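Summary of the model geometry
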Amino acid sequence: MHAEPDRDVDQALRALADVNRRAILAAVRTGPRAVGQIAEEVGLSQQTTSHHLGVLRAAGLASSTRDGTRHLFAVNTDGLAAVRAYLDDFWPAKLAALKAAIELRDGGNDG
């Protein structure tokens, strides 16, 4: 039952592993932008930028809309939420272990 969400997170993490893709996401963070604008800001060719945008879209991290003949790209916050939820799952166990260690330490000092 978890195969699909796991695949989505795996694909998103692979997409985020590339520094150019992270730069592209930063460029569209504030709102939709055209490929040419993104390419200029991140210092890549339009063809390379389009390729990276395709990977980000396939991973669910970016979305596109049309404005006449232009394609505008923006961050897909739902895709980022899935990655964040995955990473947030690490904290409860770590915090519980830290709490147990502190309680054990404090209990040992009292006796």
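Residues numbered from 1 in each chain as written. Predicted model: local features only at pLDDT ≥ 70, side-chain atom pairs only at ≥ 80, totals over all residues. Heavy atoms only, no water.

Counting residues in each nonpolar core, the largest one holds 16 residues, and the members touching the most others are I38, L53, L56 and L61. Breaking this core down by element, the ones donating at least two residues are α1 (3-16), α2 (19-27), α3 (35-42) and α4 (46-58). Residues within four places of L61 in sequence aside, it is in contact with A12, A15, L16, L25, L56, A74, V75, N76, G79 and L80. (Core = buried A, V, L, I, M, F, W, Y, C linked by side-chain atoms within 4.5 Å. Buried < 20%, exposed > 50% of the residue type's maximum accessible area, 1.4 Å probe, protein only. Helix = DSSP H or I, 4+ residues; strand = E, 2+ residues; numbered from the N terminus. Contact = heavy atoms within 4.5 Å.)

For a regular strand, side chains alternate in direction, first toward one face of the sheet and then toward the other. Sheet topology note: the strand β2 (residues 62-67)/strand β3 (residues 70-75) ladder contains six bridges and is antiparallel. Bridging from a neighbouring strand, R66 pairs with H71 of β3. Hairpin geometry of β2 and β3 is characterised by an intervening segment of two residues between the two adjacent antiparallel strands and by a positive phi of about 70 degrees at G68. (Pairing = 2+ DSSP bridges.)

Attention now moves to the pairing of β3. Judged from the two bridges that link them, strand β1 (residues 33-34) and β3 form a sheet pairing that is antiparallel. Paired with R33 across the two strands is F73, which belongs to β3.

Note: strands within a sheet are paired through backbone hydrogen bonds, in either parallel or antiparallel orientation. Read across the open sheet, the three strands follow the order β1-β3-β2; overall the sheet is antiparallel. Taken across any chain shown, the strands that pair with only one partner, and hence form the sheet edges, are β1 and β2.

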